[in-house]
Amino acid sequence: MPGPAPDERMRPDGRRNTQGIRIDPEAEVTHEPREAVLSALVKHEPGVLSEVSSLFSRRQFNIESLTVGPTHDDGVARMTIVIEEPQPGIEQAKKQLRKLVPTISVTELDQQNTRRELALIKVSGEKPDDVNAVADMYGGKAVDATAESVTVELTGSKQKIDAAVGAFEQFDVQEVVRTGTAALERGADTLENDD
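Model, not experiment: these values are computed from the prediction. (Residues numbered from 1 in each chain as written. Predicted model: local features only at pLDDT ≥ 70, side-chain atom pairs only at ≥ 80, totals over all residues. Heavy atoms only, no water.)

Chemist: Describe the packing of helix H1 (residues 48–58) against helix H2 (residues 87–99), naming the residues involved and giving the relevant values.
Modeler: Two elements in contact, H1 and H2, have axes separated by 11 Å at closest approach and are oriented at 145 degrees. As H1 packs across H2, the resulting crossing turns out to be right-handed. On H2, the residues that touch Val52, Leu55 and Phe56 of H1 are Ala93, Gln96 and Leu97. Looking at side-chain class alone, the contact of H1 with H2 contains five nonpolar, one polar and no charged residues. (Axes fitted to C-alpha atoms, helices over the stretch in contact; angles between N-to-C directions. Helix = DSSP H or I, 4+ residues; strand = E, 2+ residues; numbered from the N terminus. Left-handed = near helix turned anticlockwise from the far one by under 90°. Contact = heavy atoms within 4.5 Å. Nonpolar A, V, L, I, M, F, W, Y, C, P; charged D, E, K, R; others polar.)

And the structure:
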């Protein structure tokens, strides 16, 4: 049969696996992880939070933050889930979340969303005036004070809360409790309208 000799044949570039099959370089591309804020409306009933967290655990998605609470409709709750995954993982998380029976709607909020987090920071009560001064700098307020400790309440972005916790380190931080991210789309858009 006519044709080029084996050493004259074209050899495609790229690696081969152990069976000698060429590996497509595009298939090996790794996607950098990015932070995504998913907002979901779910039925406000027992077991929904467990279903959602189990779904993410089974799929090995790392949840950075998960908050849930009732909405203006007693039968509906809103979940705000912050994950850090490569783009294909984020799309997969949205698809899997939509498949859950209690899920009403799911959307990924854009980067310009309105995000807030609540933190309670308990510090030593030795210098209450200085603690109040730092709390004022971050728009916080003391919500409990004893001779031993002062508890400050702060609301703001994750970066603001991180900075405030760092500033309170000078007063011997005893405990910190953070709610995680709560977020809404900016402007007139609502999650109900995205269906």
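Once the structure has been displayed, the description carries forward.
Chemist: So what about the sheet that holds strand S1 (residues 34–43)? Which residues, and what values?
Modeler: Reading across from one edge, S2-S3-S1-S4 is the order of the four strands in this open sheet, with antiparallel pairing throughout. Every other strand in the sheet has two partners, leaving strand S2 (63–70) and strand S4 (103–109) as the edge strands with one partner each. Ignoring strand direction, the axes of neighbouring strands in this sheet form an average angle of 15 degrees. Contacting S1, S2 and strand S3 (76–85), H1 runs over the sheet at an angle of about 15 degrees to S3. (Pairing = 2+ DSSP bridges.)

Chemist: Let's hear about the nonpolar core: which residues, and what values?
Modeler: The biggest cluster of nonpolar side chains holds 18 residues, and the ones touching the most others in it are Val52, Phe56, Met79, Ile81, Ile83 and Leu97. If sequence neighbours within four positions are ignored, isoleucine 81 has contacts with Ala36, Val37, Leu38, Val52, Phe56, Ile63, Ser65, Leu66 and Leu97. If you look at the next biggest cluster of nonpolar residues, it comprises 17 residues, including Val123, Ile161, Ala167 and Phe168. (Core = buried A, V, L, I, M, F, W, Y, C linked by side-chain atoms within 4.5 Å. Buried < 20%, exposed > 50% of the residue type's maximum accessible area, 1.4 Å probe, protein only.)

Chemist: Describe in detail the pairing of S4, supporting the description with residues and values.
Modeler: Across the seven residues that make up S4, a large majority, six, are buried. Strand direction decides the pairing type here: S1 and S4, joined by six bridges, are antiparallel. Within S4, the position partnered with valine 37 by the bridge is leucine 109.

Chemist: Explain unusual backbone geometry to me, using residue names and the numbers behind them.
Modeler: Even without a glycine there, the phi angle at glutamine 60 is positive, about 60 degrees. Relative to the assigned elements, glutamine 60 resides in the loop between H1 and S2.

Chemist: I'd like to hear about the pattern of salt bridges, residue by residue, with values.
Modeler: Applying the stated criterion across every chain yields a total of eight salt bridges. In this structure, the salt-bridge partner of glutamate 108 is lysine 94, at a minimum N-O distance of 3.2 Å. Remark: lysine 94 occurs in helix H2 and glutamate 108 occurs in strand S4; sequence separation between them is 14 residues. As a salt-bridge pair, lysine 158 and aspartate 162 come within 3.1 Å of each other at their nearest N and O atoms. Of this pair, lysine 158 and aspartate 162 both sit in helix H4 (residues 158–168), four residues apart, which is roughly one turn of the helix. Several salt bridges converge on common partners, so that one network encompasses Arg34, Glu91, Lys94 and Glu108. (Salt bridge = Lys/Arg side-chain N within 4 Å of Asp/Glu carboxyl O.)

Chemist: Pulling in residues and values, what's your account of the pairing of strand S7 (residues 149–156)?
Modeler: Counting buried positions over the eight residues of S7 gives six, a clear majority of the element. Where strand S5 (residues 114–124) lies against S7, eight bridges are found, and the strand directions are antiparallel. Paired with lysine 122 across the strands is threonine 151, a residue of S7. Bridge analysis of strand S6 (residues 141–145) against S7 gives four bridges, and the strand direction is antiparallel. The partner of lysine 141 across the bridge, within S7, is glutamate 153. Counted along the chain from S6 to the antiparallel partner S7, the turn is three residues long.

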